[in-house]
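# Chains, contacts and geometry: an overview
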Amino acid sequence: MDLLVQKIISRDPNQKEFLQAVKEVVQDVSEFYNNNPQYDKAGIFQRMVEPERVIIFRVPWEDDEGNVQVNRGFRVQFNSSLGPIKGGLRFHPSVNLSIIKFLGFEQIFKNALTGLLMGGGKGGADFDPKGKSDNEVMRFCQSFMLELSRHIGSDTDVPAGDIGVGAREIGFLFGQYKRVRNEFTGVLTGKKLNWGGSLIRPEATGYGATYFAQEMLNTRGQNLDGKICLVSGSGNVAQYTVEKINTLGGKVVCLSDSNGFIYDPAGIDSEKLAYVMELKNIRRGRIKEYAEKYNSAKYTEYDLGDDHNPLWNIKADCAFPSATQNEINAKDAQNMVNNGVVLVSEGANMPCTPEAIQVFLDNKVLHAPGKAANAGGVAVSGLEMAQNSMRMSWTRKEVDERLQIIMSDIHKQCLTYGSDGGFCNYFKGANIAGFKKVADSMLDQGLV
Ligand code: NDP
Ligand code: 2IT
């Protein structure tokens, strides 16, 4: 494995997020891999870290002033051994090949854990939707889809949302796909209800991360009732995490965006959450405005020179990082442990640095990786695909029940492969369980 990692590093030495994601998996599956020599004999890991296909394309569009703008589009089709490629699209100025590859790599194992038949991939663009008009976003999405439509399809590759891609963008993308290909199919998930979406898809990632937290707490005879919770971000995942924590009796005391965070010790109740949803999803404003509306809250602007994020230094029991990768470093993790945090359920993908993961492990924190805890989103995307294929739709209750069963099953898989002497290393459990499903399918399907 060490030799293999060296080879991966020398091939793409600058893809730091991708290498971080690969090293985490290698660390957790090495022993299992070495004990099962059939995998190495078939070059399984060597093949797994190389995407089946990488598409990089120019996205030209015109802004409202008539200026030409050019962005870079990506789709990384990583692994289709379990089904059509499935994974979101991220629109954010930081997007590059390393970030899309890390997300696509994680997605392979996450999708395997759901038990649904989905391969893994990811895409996006370095486009920044902030400050753009609806028309500019539409023109960008149409240009992006004009090229992407050649590479995707309901049985080939089914994109969805991620950072910067929500119902508005999925609508524009779907409209353009339908126009270019002249077919109405389940080629995207996260669609609106009236044209093929699934109930509970908007809620699924946040609800799923909260159900997973409840499963973890249950192993210690506890639950979320009365727990003080930290939630970062204020987008799709953060919002529905707050909603579900409130339903289960917990109290969320903070939210953030890339500029700063609000701390509201009185708790973000359903009325305040409705305000956040209107602020972020309709007015597309900044979280700072929350503290202007509610005087129980204080806003702190981030200082980019800081070596830690003060949001993670608030006294709490549980944490749900739901913004972006590497938002918790070792110092943040140590602050959380010192303040009594006993559980971290990752709504975001790879929000913890390797050093932060180690701090949580050393302190026996219940810590679930994104590929397990945030799998509810893609799981309900899989259910949306199933409903589209049947040309039927399930009720809210049916989808929510399936989501709960899937999250509970992922938790069981983590326990099976991650438990050791009464403690579960959820990273190890998720990585081995996901890896095994994909590796065994690759073995069956020959050298492709
Ligand atoms: P949204 O675009 O709805 O919200 C993202 C939130 O995170 C915003 O509050 C945003 O603030 C903040 N954020 C983004 N980038 C940064 C950054 N570099 N630094 C600080 N804050 C940042 O995205 P989602 O809620 O959908 O996604 C959040 C996380 O969850 C991501 O890691 C995503 O990969 C993951 N995820 C999403 C799923 C889904 O179904 N949507 C499924 C599984 C995982 P600002 O407005 O300032 O940019
Ligand atoms: O990271 C993720 O799992 C997502 N952004 C959701 C992917 C999907 O296909 O629903």
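### Let's talk about the pairing of strand β4 (residues 119-125)
- In terms of burial, β4 is a largely internal element, 7 of the 7 residues being buried.
- Relative to β4, strand β2 (residues 68-79) runs antiparallel, the two being bridged by 6 bridges. What sits directly across from Gly73, in β4, is Ala125.
- The pairing of strand β3 (residues 85-91) with β4 spans 5 bridges and is parallel. When the sheet's bridge partners are listed, Arg90 is paired in β4 with Gly124.
- Assessed by its sense of winding, the connection that carries the chain from β3 through helix α5 (residues 97-114) to β4 is right-handed.

### Some remarks on the nonpolar core
- Within the largest apolar cluster, 53 residues are counted, with the highest numbers of intra-cluster contacts made by Phe212, Leu255, Phe320 and Ile410.
- With 7 residues, the single largest contributor to this core is helix α8 (residues 201-218).
- In contact with Phe212, other than residues within four places in its own chain, are Ser345, Ala368, Ala372, Ala373, Met407, Ile410, His411, Cys414 and Tyr426.

### A short note on the pattern of salt bridges
- Enumeration according to the criterion identifies 23 salt bridges in this entry.
- Close ionic contact of Glu17 with Lys16 constitutes a salt bridge, the shortest N to O distance being 3.3 Å.
- A relative accessible area of 56% places Lys16 in the exposed class.
- Across the pair Glu183 and Arg181 runs a salt bridge, and its minimum N-O distance is 3.9 Å.

### Things to note about the environment of Lys227
- Inspection of the secondary structure puts Lys227 in the loop between α8 and β6 (228-231).
- When neighbours within four sequence positions are excluded, Lys227 is seen to be in contact with Leu217, Gln222, Gly249, Gly250, Lys251, Asp317 and Cys318.

### Things to note about the site of ligand 1
- Near ligand 1, the surroundings consist of 25 residues, among which Asp162, Thr205, Ser258, Arg286 and Asn349 are the closest.
- In the environment of ligand 1, an oxygen atom lies 3.4 Å from a nitrogen or oxygen atom belonging to the backbone of Gly347.
- If ligand 1 stood free it would expose 880 Å²; the protein chains cover 84% of that surface.
- Listing elements by their share of the shell around ligand 1, those giving two or more residues are α8 and α9 (236-247).

### Quick notes on the site of ligand 2
- Around ligand 2, a shell composed of 14 residues is seen, among which Lys86, Lys110, Asp162, Arg201 and Ser381 lie nearest.
- In the model, an oxygen atom of ligand 2 is placed 2.6 Å from a nitrogen or oxygen of the Ser381 side chain.
- For ligand 2, whose accessible area on its own is 290 Å², the fraction buried by protein is 94%.
- Those elements that place two or more of their residues in the shell around ligand 2 are β3, α5 and α15 (375-390).

### Observations regarding helix α17 (residues 426-444)
- Helix length check: α17 (19 residues) gives 27 Å between terminal C-alpha atoms against 27 Å at 1.5 Å per residue, within 8%.
- Capping of α17 at its N-terminal end is provided by Asn425; its side-chain oxygen lies 3.1 Å from the backbone amide nitrogen of Phe427.

### A word on unusual backbone geometry
- Non-glycine residue Asn182 carries a positive phi angle of around 55 degrees.
- Within the secondary structure layout, Asn182 lies in the loop between α7 (167-181) and α8.

### Considering the sheet that holds strand β9 (residues 260-263)
- Read from one edge to the other, the open sheet built from 3 strands follows the order β8-β9-β10, with strand pairing classed as antiparallel. In this open sheet, the two strands that pair with only one neighbour each are β8 (254-256) and β10 (298-301). Across this sheet, the average inter-strand angle for adjacent strands is 20 degrees, counted without regard to direction.

### Structural notes on the packing of aromatic side chains
- A full pass over the atoms with the stated rule returns 28 aromatic pairs.
- Relative to Phe435, the ring of Tyr33 lies with its centre 5.8 Å away and its plane at 70 degrees, an arrangement referred to as edge-to-face. You can see Tyr33 sitting in helix α2 (residues 16-35) and its partner Phe435 sitting in helix α17, a full 402 residues away along the chain. The residues Tyr33 and Phe435 share a single accessibility class, namely buried.
- Consider the rings of Phe57 and Phe144, whose centres lie 5.3 Å apart with planes at 50 degrees: the pair is tilted. With a gap of 87 residues between them, Phe57 in strand β1 (residues 53-62) and Phe144 in helix α6 (residues 134-148) connect regions that are remote in the sequence.

### As for the packing of helix α12 (residues 330-338) against helix α13 (residues 354-362)
- The contact between α12 and α13 brings their axes to 7 Å, and the two run at 25 degrees. The orientation of α12 with respect to α13, classified from their angle, is roughly parallel. Between α12 and α13 the crossing geometry is right-handed. Residue-level contacts link Ala330, Ala333, Gln334, Met336 and Val337 of α12 to Glu355, Ala356, Val359 and Phe360 of α13.
- Residue composition of the contact of α12 with α13, by class: 7 nonpolar, 1 polar and 1 charged.

### A look at the sheet that holds strand β5 (residues 157-160)
- The 5 strands are arranged β1-β2-β4-β3-β5 in an open sheet whose pairing can be described as mixed. The open sheet is flanked by β1 and β5, the only strands paired with a single partner. The sheet shows a mean angle of 20 degrees between the axes of neighbouring strands, direction not considered.
- In terms of strand pairing, β3 meets β5 through 4 bridges, oriented parallel. Across the sheet, Gly87 pairs through a bridge with Pro159, a residue of β5.

### Some points on α9
- With 12 residues, α9 should cover 16 Å at 1.5 Å per step; its first-to-last C-alpha distance of 17 Å lies within 8% of that length.
- Taken as a whole, α9 has its buried residues at Val237, Ala238, Gln239, Tyr240, Thr241, Val242, Lys244 and Ile245.

Scoring rules and cut-offs
- The residue numbers shown here count from 1 along each chain, following its written sequence.
- Going through the entries in the order they are written, you letter the chains from A and number the ligands from 1.
- Only residues with pLDDT of at least 70 are given local features in this predicted model, and only at 80 or more are side-chain atom pairs given and counted; all residues enter the totals for whole chains, interfaces and linings.
- Derived side-chain values reflect all non-hydrogen atoms in the structure, with water molecules and hydrogen atoms excluded from consideration.
- For every residue, the accessible area obtained with a 1.4 Å probe (protein chains only) is divided by the maximum for its type, and the residue is called buried under 20%, exposed over 50%, and partly exposed between those limits.
- The helix and strand labels rest on DSSP assignments: H or I over at least four residues marks a helix, E over at least two residues marks a strand, and numbering proceeds from the N terminus.
- Paired strands are those between which DSSP finds at least two bridges.
- Throughout, right-handed denotes a crossover for which the path from the first strand over the helix to the second runs clockwise when the strands point away from the viewer.
- Take the buried Ala, Val, Leu, Ile, Met, Phe, Trp, Tyr and Cys residues and link them wherever side-chain atoms come within 4.5 Å; each set so joined is a nonpolar core.
- Between two residues, a contact is recorded if the distance between any of their heavy atoms is within 4.5 Å.
- By salt bridge we mean one thing: a side-chain nitrogen of Lys or Arg within 4 Å of a carboxyl oxygen of Asp or Glu.
- Being near a molecule or strand, for a residue, comes down to having at least one heavy atom within 4 Å of it.
- Two N or O atoms form a polar contact when they lie within 3.5 Å of each other; inside protein one atom must be a possible hydrogen donor and the other a possible acceptor, and for residues adjacent in sequence the pair counts only when both atoms belong to side chains.
- Only the protein chains shown count as covering a residue, and every accessible area follows the Shrake-Rupley method with a 1.4 Å probe.
- Helix span, expected: 1.5 Å multiplied by one less than the number of residues in the helix.
- Convention adopted: a line fitted to C-alpha atoms gives each axis, helices being fitted over their contacting stretch, and angles between N-to-C directions are expressed from 0 to 180 degrees.
- Ring geometry is summarised as follows: Phe, Tyr and Trp rings, the Trp one being its six-membered ring, pair when their centres sit within 6.5 Å, and such pairs are stacked at plane angles under 30 degrees, edge-to-face over 60 and tilted between the two.
- Roughly parallel refers to an angle under 35 degrees, roughly antiparallel to one over 145, roughly perpendicular to one between 65 and 115, and oblique to any angle outside these ranges.
- Helix crossings fall into two classes, left-handed where the near helix is turned counterclockwise from the far one by less than a right angle and right-handed where it is turned clockwise.
- Throughout this entry, Asp, Glu, Lys and Arg are counted as charged residues, while Ala, Val, Leu, Ile, Met, Phe, Trp, Tyr, Cys and Pro are counted as nonpolar. The remaining residues, Gly among them, count as polar.

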